[in-house]
Structure formats: structure tokens, C-alpha cells
Amino acid sequence: MAPSSPDFPLLPLRATYRLEDDVLVEAGVGGRLRITHLGDEVADLVAVPGVINLGRLPAGGYALELASGTATHRSAVEVTPHAGASMRYGFVASYPPGRNPDGLARIARRLHLTDIQFYDWAYRHADLLGGGEEYADPLGQTISLQTVRTLIGALHDVGSRALGYAAVYGVGAEEWPRWSDLALVRADGSPEELGGFLQLVDPGESRWQSHFTEDLRASTTLGFDGFHLDQYGYPRMGYGHAGVVDLAESFARIIAASREALPTSRLVFNNVNDFPTRRTAGTPQDAIYVEVWQPNLEYRDLADIITRARAADPAKPIVLAAYQSVYSSAPRAAADDATRFSLATVLSL
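Student: Honestly, the nonpolar core in this entry has me stumped. Any pointers?
Tutor: Soluble, globular proteins show a tendency: their nonpolar side chains are buried together. Residues Phe-118, Trp-121, Val-148, Tyr-169, Trp-208 and Phe-224 are the most contacted members of the largest nonpolar core, which totals 57 residues. With residues near it in sequence (within four places) discarded, Phe-224 still touches Phe-118, Trp-121, Val-148, Ile-152, Ala-162, Leu-163, Gly-164 and Ser-219. Core analysis: the second largest hydrophobic core is formed by 17 residues, Val-23, Leu-33, Ile-52 and Val-77 among them.

Student: Just to check I follow, could you spell out the sheet that holds strand S17 (residues 226-230) for this structure?
Tutor: Sheet strands pair via backbone hydrogen bonds, and the direction of the pair is either parallel or antiparallel. Taken together, seven strands build an open sheet; the order of strands is S9-S10-S13-S17-S20-S21-S22 and the sheet is parallel. Two strands bound the open sheet, and with one partner strand each, they are strand S9 (89-92) and strand S22 (318-321). Neighbour-to-neighbour, the strand axes of the sheet open up by a mean angle of 30°, direction not taken into account. Inspection of the sheet shows S17 paired to strand S20 (residues 266-272) by four bridges, in the parallel sense. For Leu-229, the partnering residue across the bridge sits in S20 and is Phe-269. Contacting S17 and S20, helix H5 (residues 247-261) runs over the sheet at an angle of about 170° to S20. Here helix H7 (residues 299-312) sits on the sheet in contact with strand S21 (288-291) and S22, set at roughly 150° to S22.

Student: Sorry, what's going on with the packing of aromatic side chains here?
Tutor: The geometry of an aromatic ring pair comes down to the distance between the two centres and the angle between the two planes. Counted by the stated rule, this structure contains 16 aromatic pairs. When the ring of Tyr-89 is compared with that of Phe-91, the centres are 5.7 Å apart and the planes differ by 75°; the resulting orientation is edge-to-face. A relative accessible area of 14% places Tyr-89 in the buried class. Looking at Phe-91, the relative accessible area reads 42%, which means it is partly exposed. Aromatic pair Phe-251 and Phe-275: ring centres 6.4 Å apart, planes at 70°, arrangement edge-to-face. One end of the pair, Phe-251, is in helix H5; the other, Phe-275, is in the loop between S20 and helix H6 (277-280), with 24 residues separating them in the sequence.

Reading the values: the criteria
- Residues numbered from 1 in each chain as written.
- Predicted model: local features only at pLDDT ≥ 70, side-chain atom pairs only at ≥ 80, totals over all residues.
- Heavy atoms only, no water.
- Core = buried A, V, L, I, M, F, W, Y, C linked by side-chain atoms within 4.5 Å.
- Buried < 20%, exposed > 50% of the residue type's maximum accessible area, 1.4 Å probe, protein only.
- Contact = heavy atoms within 4.5 Å.
- Pairing = 2+ DSSP bridges.
- Helix = DSSP H or I, 4+ residues; strand = E, 2+ residues; numbered from the N terminus.
- Axes fitted to C-alpha atoms, helices over the stretch in contact; angles between N-to-C directions.
- Phe/Tyr/Trp six-rings, centres within 6.5 Å; stacked < 30°, edge-to-face > 60°.

So, in C-alpha cells, the structure goes:
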């Protein structure tokens, strides 16, 4: 377990707790600890530095406030009825040999992150494990699978899940000869592609699905709890060897195939800019995840996306990846305010 830091002297030991768990928090300093639920006091106790056992608590969110001398330190804990009841998403994208996992574990505790996407961990998009124990990924980043395992283990220790990234239709140049007959093509016959280094296949094709899901199944041996199934938002319609391809239907088919292959894994599909949420929301996955881009630039757009997602499947958690690009164009204080407004919009719905 990564210890608390001087900057954050009050942290839960786990990102989230279940009803059967004792709720444990770590205090780096002593003082008076007050626990409240929706403003109502639950407990008020004297805390000494170390691990504090709050016992079992009913389902809900609890605010923690530790008064120590002239300083007040705040944190929170969540208690859920079952492990998949909520989803707060984070990312990790660096896996060099020997990386220390403590920082990742600490931020998962601090931000109560239930699910961490392992972005760009694989050897190749169409060959996830083909590089051996250490390799350079398609963009030249050095990857150590031992580091991947170590980070996964550290997240498990603090109660967070690890989701491996997998693009549902991306194929690099080395693998392309094997899959070119399943290409998605434009009206002029050229392959659909991304960034000049990936071509796209029809994810609804059964031969591709067999390969893709077998790659996922093999990758669970690293310890992944599930997978983030990615797409790029375009095309929405294309052409395959048998004619017109409706990508919404192809995505629904590969999600279903992934669930059949991995019945107990956590599966999250990326509805880029809300496409095709209406079709995929009811598929056998564990959340409705929407990555937000132009023209969805206003707070009301976030509210509309959440409203549509909840109408499509009220039972699933909703995750928005709304990247705060404002930090590149506004002063820090203004960007922080914009982020607060974004969070307030999302959490009010």
C-alpha cells in the first residue's frame, strides 16, 4: 500500500468499500476526526497517526474532516452495495522497467478511482502480447510487462480495477497483410486509417472477432480485470468486402463477442462524441462511456449527453471523458473554475 503523503495526510486505504468491509483510513497526523453523511454527523473521534478503523458503514458517501492544530485536512470514503455499483475512471500510460507503483496507488486512493485504463500497454494493436516481456510499442515507448503486472497488483491492493486498452478495429502495418481483406474502405477504395500508421477493419467480421477476443482472453493472464474497447469516432458508415458497413451494428457485435469470450470481465466501450451510444448502451458491457469532443463544448452539452445515456440504460454507470483543454489557453485559476463547473454539471445529474 502506498502511504499517505505530507500533502495529503488523510486518505482512505481503498478507493471504495463494500458493505462487508471495515472502512479504514490513514492519518498522517493526529487530531479530531469528524465523519459526516450528507451533512449529518456519523462520528466524531480523536485520531492518532496511523490506520483508523471506522468499522462497517451503510452504503453511501462520507466526508472526512481532520482538524489538526490550525490545519484542517479533508477526504472522503464511499461504501457501495456491490463492486460494480460505481465507476470513477483514471488512466495510466507509462510502463518503463522498474517503475515504482506507489504514486499510481496513492492517486487512486486520493481520487477514489474504481477503474484505471492501461492506455497503450500492448505490443501492437492487432497483436497485444506478441512482443515478449519487454518491447517498444508502435510509438517507440519502452514497455515492460513486469511493470504492467506490478501496477495492476498495486491497484488491486487499494481496491481499484485495471482495464487494458484494446482498439476494436485498428491494425498496424506489420499485421495488415493478414487482415487487409477485411478492410474498411472509403468510396474511392482506399483504406480507412488513423494517423498514417493504423488501418481499420470491420469489427463486425467474425474472423476478426475470433482473433480479437482470443487476444483479450490471453491478456487477462497479466491480471487485467477487463478491457477498455476503443474506437476512433469515424467512419460511421463505410464499405467492406460485402458492401456497406454500419459501424454502430459492427460495434454492437464485437461488444457481444467480447462478452461471450470474457463473461466475468469488466468491459467498457468508448462512444466517441456520443456515437453510437443509442445502439451500444444496451449491449452487455458494464458502463456507458462517452469521450467528448467538438461540437460538444458547453456545459449543457455534457448534461444532454448524460440525459441521453441514462435514458438508454438507467442501470449502468455513466462515464464522461471530457478533457479539460482549457488549461492550454487560460490562466490556471480560470481553468480550475471551468473544471469545477464541469464536475458540478456532471455530478448534478
